[in-house]
Amino acid sequence: MTSALVGVRRHLLSIADLKRDELIELLALADSFAEVVDRPIPKVPTLRGRTVATLFFEASTRTRLSFETAAKRLSADTMSFSVSGSSMAKGESLRDTVETLDAMGIDVMVVRHHSAGAPHQVARWVRAAVVNAGDGQHEHPTQALLDCFTLREVLAERAGGRPPEDLCGLKVAIVGDVRHSRVARSDVLALSALGAEVHLVAPATLMPCSLEGWPIVGAGAELDALVGEMDAIYLLRLQLERMSAGLLPSLREYATRFGLSTERAMRMKEGAVVLHPGPMNRGVEIDAAVASSERARVTRQVRNGVAVRMAVLFHLLEPAGGAPAPLEGLADRAER
Amino acid sequence: MSAGGSVVIRGGEVVDATGVHRADVLVGAGIVQVVEESLGVPPGALVLDAGGCLVAPALVDLHTHLREPGAEQAETIESGSRAAALGGYSAVVAMPNTTPAIDCASVVRDVRALAHGALVDVAVAAAITVGRAGERLVPFAELAELGVRLFTDDGAGVQDAGLLRRALEYAGDLGVVLAEHCEDASLAKGGLMHEGAWSSRLGVPGQPALAEEVMLSRDLALVRLTGTPMHFLHLSTAGSIRLLAEARAEGLPVTAEVTPHHLSLTDAELSSFDAVFKVNPPLRSEGDVAALRRACADGLIDAIATDHAPHPREAKEAPLEDAPPGMLGLETALSVAWGALVESGLISAARLFSLFTVQPARIAGLGAHGGPIAAGRPAQLCVFDPAERVLVEPERSASRSANTPFGGRWLTGKVRHTLVHGEPVVIDGKAQR
């Protein structure tokens, strides 16, 4: 089932590197793993004997656990590294740290770092495959994949069938701190590559300085004009330090202009959904009631994250040019 | 080879202010003895082949970070001077952002003592404020008395306009030049690259062109007020060029330099996230590069200066956020600028060399450097082969560091020989000591 994958990539560093066909293939692969996740015993032996290490140079709960869960469900061994209490706290450089881990024979390094491009640098230094799990304000490719996967589900629900291969015709507004958001950068690229219309909504201080080359339909500071037309509203987390940097006057003003209030949510289209990468600031970018409503797909995003990350790990470790690793119960489904 | 021996540079084209002409050059006792179309070889003279080459005055760099004292793991005066000689230079101006900073007479003397025996002449620039902290003025008169000509807090701009005003007023009658690294800290804060389409796409915090232009604009107003000359280091934006053009038209006593890297590389390089491309001011947009090139052609720019800024490998092999800004320049400057300005047809070889020689020598007050090549002048010579293609190999740099942004690229033009005070310190591209 995997033979159609468009070339085996060595790393997953940014959505910008991926072509539409590759995104579609990865999402299709994730469909198969979603089925595994739904089983009573959600585990396959596919990556037995392989080692996946999560290297988080920045705090995270959900992304790290999601990758570790994905690796374990593929029967890979997992290791985790975090900077506090590590050799880096003693002044070891990033390069020395990752080369040391590489020498232990790790197959995949899942890297999160506070500096944009750090996973790209790591990829130049190690033999292992590198997955970008969020680099500064640059990209968060697996988040974009799981978001696209979740939106495909929404389209499938609407049509009452299997998910379509892409997101053609879907209108999505990404609302909030686009300037500082790696989620927004990856999502804009992935959504548009899959045919969705992307709108950005933010105050000028939280919009990127330049949108030259961004594959979007529109950008502005007016949420109310768009609320009724979107199929999905993607709310970004507002980092509270933006206030002290003088980018916003107050949380209250932000919530009033850009928060998805219950009142605004009521004006959304029938069947339109709300996504959020988490963790949410309830009462700021999203009303508590909206976050708990049927429109919100936040827990679905988290659930899909595991299947998508299984697909990514599988894709990177698939023996190049060889037969696909045995995936019990997967091949028959794919051939149906 | 002692400085006193005779050398004949044979078969080249000598570059002067008006153009190039076929001539051999006889050097003896450290000075140019004869410049004539066809010279015989005196007994015992060393003959250096200049066939197919330009014979120009050796270059003068207004902007070199030699790192000594304080950061000898990155560069020493010796290693930096060797890189300079290989790049065709006979003199460099050492920037004062060392540890300790060059901000008092004793450090000036120390650095000069360390520079004794270097392959090229090392002039010393001093800081404008003590410790480059932007608070108290250095003893301008005492340092000027010692022969310091350029003062700068380079690495950062003087943020306090009131303080810079007082510095310009105080130093006004000392015959010195204050040089500014224009970068308004409040606008540049946190920026790791040029703010624009690329920084927005890459999610890398940007430093706007305005951070440079706001400070340049402020400084020009202070020059207008005080009449004290200023030199502007590494201008990098189209907006700065417009401000400079206005200042020139007004007749303000200002000079300006650009770097080879700002003439040849853009912010698109940062898409590799390789910190070797992190530099201050940052690599700018294509439009800015074009404006800088035009400004060289229009005569607005006085000098090409390297901002040679060595950093050890481990410092540059780090996330963009953590890596220090700066790149090597001395060994590649002439070839890079040749490609950007002469090969592209914008200016003549003679114009290019004036940007590297007589003009910077005048700004730095280095009368023994920068040409012209004429009998009786000190023999600072650079023999440049404009046709040879060179692959830049960072590991083979004479610098203690390897942070050249041109690693792995082919450049056109190579310095074949360099003479400093008559001594051939580089022969056939090899440093002689």
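Only a predicted model underlies this, so the values are computations on that prediction, with no experimental measurement involved.

Student: Honestly, the overall build of chain A in this entry has me stumped. Any pointers?
Tutor: Across its full length, chain A carries 13 helices and nine strands. Relative to the compact-globule value of 20 Å for 336 residues, chain A shows a C-alpha radius of gyration of 20 Å, a close match. Counting only residues that meet the buried cut, chain A has 57% of its 336 residues in that class. Of the contacts formed within chain A by residues at least 6 apart in sequence, a portion of 72% connects residues at least 24 apart.

Student: How do you make sense of the interface of chain A and chain B when you look at a structure like this?
Tutor: One frequently used descriptor of interface size is the decrease in accessible area upon assembly of the parts. With 20 residues of chain A at the interface, the matching set in chain B holds 18 residues. Two residues, Arg95(A) and Glu317(B), come together in a salt bridge whose shortest N-O distance is 2.5 Å. Contributing elements (two or more residues each) for the side of chain A that touches chain B: helix H3 (94-103) and helix H4 (118-125) of chain A. Ranked by residues supplied to the side of chain A that touches chain B, first place goes to H4(A) with four residues. Partitioned by chemical class, the residues of the side of chain A that touches chain B number six nonpolar, 10 polar and four charged.

Student: Sorry, what's going on with a nonpolar patch on the surface here?
Tutor: All names here are of chain B. Taken together, the side chains of Leu187, Leu210 and Val214 make up a nonpolar region of the molecular surface, amounting to roughly 210 Å² of accessible area. By the element assignment, Val214 lies in helix H7 (residues 209-226). For Val214, a relative accessible area of 34% gives the class partly exposed.

Student: Looking at this structure, I do not really get the confidence of the model for chain A. What am I missing?
Tutor: Low pLDDT marks regions whose predicted coordinates should not be analysed in detail. All names here are of chain A. Of all residues in chain A, 91% attain a pLDDT of 70 or more, and the chain-wide mean is 90. For the stretch residues 1-8, pLDDT sits under 50, and the model shows 19 contacts to residues farther than four places along the chain or on other chains. A low-confidence stretch, residues 320-336 (pLDDT under 50), is modelled with 23 contacts involving residues beyond four sequence positions or located in other chains.

Student: What's the story with the sheet that holds strand E10 (residues 121-124) of chain B in this structure? I'm lost.
Tutor: Strand pairing in a sheet relies on backbone hydrogen bonds, with the paired strands running either antiparallel or parallel. All names here are of chain B. Pairing in this open sheet of three strands is parallel, and the strands run E8-E9-E10 from one edge to the other. Each having just a single partner strand, strand E8 (59-64) and E10 make up the two edges of the open sheet. Looking at each pair of strands side by side, their axes are set apart by 20° on average, direction ignored. Where E8 meets strand E9 (residues 89-94), four bridges bridge the pair, whose relative direction is parallel. Each bridged residue has a counterpart across the sheet, and for Leu59 the counterpart in E9 is Tyr89.

Student: Any chance you could explain unusual backbone geometry here in plain terms?
Tutor: Among all residues save glycine, negative phi is the norm, and among peptide bonds the norm is trans. Residue and element names in this part refer to chain B. Asn280 connects to Pro281 through a cis peptide bond whose omega is -10°. Among the structural elements, Pro281 can be located in the loop between helix H9 (260-264) and helix H10 (286-298). Located in the positive-phi region is His234, a residue other than glycine, with phi close to 25°. Along the chain, His234 falls in the loop between strand E15 (230-232) and helix H8 (238-250). A positive phi angle is found at Phe273, which is not glycine, with a value near 60°. Among the secondary structure elements, Phe273 is positioned in the loop between H9 and H10. Residue Phe273 is classed as buried on the basis of its relative accessible area, which comes to 1%.

Student: Help me understand the domain arrangement of chain A, please; the structure alone is not making it clear to me.
Tutor: Residues and elements named next belong to chain A. Per the domain assignment, the segments of chain A are domain 1 (15-139 + 302-326) and domain 2 (141-300). Taking only C-alpha atoms into account, the centre of domain 1 sits 25 Å from that of domain 2. Taken residue by residue, the interface counts 31 residues in domain 1 and 30 residues in domain 2. Regarding the contact of domain 1 and domain 2, the summed buried area is about 2600 Å², with carbon and sulfur atoms giving 59% of it. If you look at where domain 1 meets domain 2, you find four salt bridges. Between Arg20 and Glu165 there is a salt bridge; the shortest N-O distance is 3.8 Å. Summed over the shared surface of domain 1 and domain 2, the number is 15 residue pairs in polar contact (both at pLDDT 80 or more). At nine residues, helix H1 (residues 20-37) tops the list of elements feeding residues into the side of domain 1 that touches domain 2. Here the side of domain 1 that touches domain 2 is composed, by residue class, of 14 nonpolar, eight polar and nine charged.

Student: What am I meant to see in empty space enclosed by the protein here?
Tutor: Residues and elements named next belong to chain A. The tally for this structure, following the rule as stated, stands at five cavities of 30 Å³ or more. Empty space within the largest cavity amounts to approximately 110 Å³. The wall of the largest cavity is formed by Arg62, Thr63, Ser66, Gln143, Leu146, His276, Pro277, Val298, Gln301, Val302, Gly305 and Arg309. In terms of residues, the lining of the largest cavity owes the most to one element, helix H12 (residues 298-317), which gives five residues. For the lining of the largest cavity, the residue count by class is four nonpolar, six polar and two charged. A domain-level breakdown of the lining of the largest cavity finds at least three residues from each of domain 1 (15-139 + 302-326) and domain 2 (141-300).

Student: Please explain the packing of aromatic side chains as it appears in this structure.
Tutor: Working definition: an aromatic ring pair is given by the centre-to-centre distance plus the angle between the planes. Enumeration according to the criterion identifies seven aromatic pairs over all chains in this entry. Positioned above the aromatic ring of Phe67(A) is the side chain of Arg309(A), whose terminal nitrogen or guanidinium carbon lies 4.8 Å from the ring centre. Above the plane of the ring of Trp198(B) lies Arg201(B), whose end atom (NZ or CZ) is 4.7 Å from the centre.

Student: Hey, could you run me through the domain arrangement of chain B in this one?
Tutor: All names here are of chain B. When the domains of chain B are assigned, the result is domain 1 (7-54 + 377-431) and domain 2 (58-364). Inter-centroid distance (C-alpha atoms) of domain 1 to domain 2 is 26 Å. Listed per partner, the contact involves 38 residues of domain 1 and 45 residues of domain 2. Connecting domain 1 to domain 2 are two salt bridges.

Student: What's the story with the packing of helix H4 (residues 161-171) of chain B against H7(B) in this structure? I'm lost.
Tutor: Helix packing geometry: the angle between the two helix axes and the distance between the axes. Residues and elements named next belong to chain B. Taken N-terminus to C-terminus, the directions of H4 and H7 make an angle of 35°; their axes are 10 Å apart at the nearest point. With respect to the hand of their crossing, H4 and H7 are arranged in right-handed fashion. In this structure, H4 contributes Ala161, Leu164, Arg165, Leu168 and Glu169 to the contact, and H7 contributes Arg218, Asp219, Leu222, Val223, Leu225 and Thr226. Residue composition of the contact of H4 with H7, by class: six nonpolar, one polar and four charged.

Student: What is the right way to look at the environment of Gly278(A) in this model?
Tutor: With respect to the helices and strands, Gly278(A) occurs in the loop between strand E9 (273-275) and helix H11 (288-291). Residues Gly278(A) and Val302(A), spaced 24 residues apart in sequence, show a C-alpha to C-alpha distance of 8.9 Å.

About the thresholds
- Residues numbered from 1 in each chain as written.
- Chains lettered and ligands numbered in written order.
- Predicted model: local features only at pLDDT ≥ 70, side-chain atom pairs only at ≥ 80, totals over all residues.
- Heavy atoms only, no water.
- Helix = DSSP H or I, 4+ residues; strand = E, 2+ residues; numbered from the N terminus.
- Rg over C-alpha atoms; globule rule 2.2 N^0.38 Å.
- Buried < 20%, exposed > 50% of the residue type's maximum accessible area, 1.4 Å probe, protein only.
- Contact = heavy atoms within 4.5 Å.
- Salt bridge = Lys/Arg side-chain N within 4 Å of Asp/Glu carboxyl O.
- Nonpolar A, V, L, I, M, F, W, Y, C, P; charged D, E, K, R; others polar.
- Patch = residues over 30% accessible without salt bridge, like charges linked within 9 Å, V, L, I, M, F, W, Y side chains within 5 Å.
- Areas by Shrake-Rupley, 256 points an atom, 1.4 Å probe, with all protein chains shown as cover.
- pLDDT = per-residue confidence, 0-100.
- Pairing = 2+ DSSP bridges.
- Axes fitted to C-alpha atoms, helices over the stretch in contact; angles between N-to-C directions.
- Domains from an automatic or database assignment.
- Buried area = accessible area lost by both parts, 1.4 Å probe.
- Polar contact = N/O pair within 3.5 Å; in protein donor to acceptor, adjacent residues only side chain to side chain.
- 1 Å grid on protein atoms, 1.4 Å probe; cavity = no way out; pocket = protein on both sides within 12 Å on 5 of 7 lines; lining within 4 Å.
- Points joined across faces, edges and corners; volume = space filled by probe spheres on them.
- Phe/Tyr/Trp six-rings, centres within 6.5 Å; stacked < 30°, edge-to-face > 60°.
- Lys NZ or Arg CZ within 6 Å of the ring centre and 35° of its normal.
- Left-handed = near helix turned anticlockwise from the far one by under 90°.

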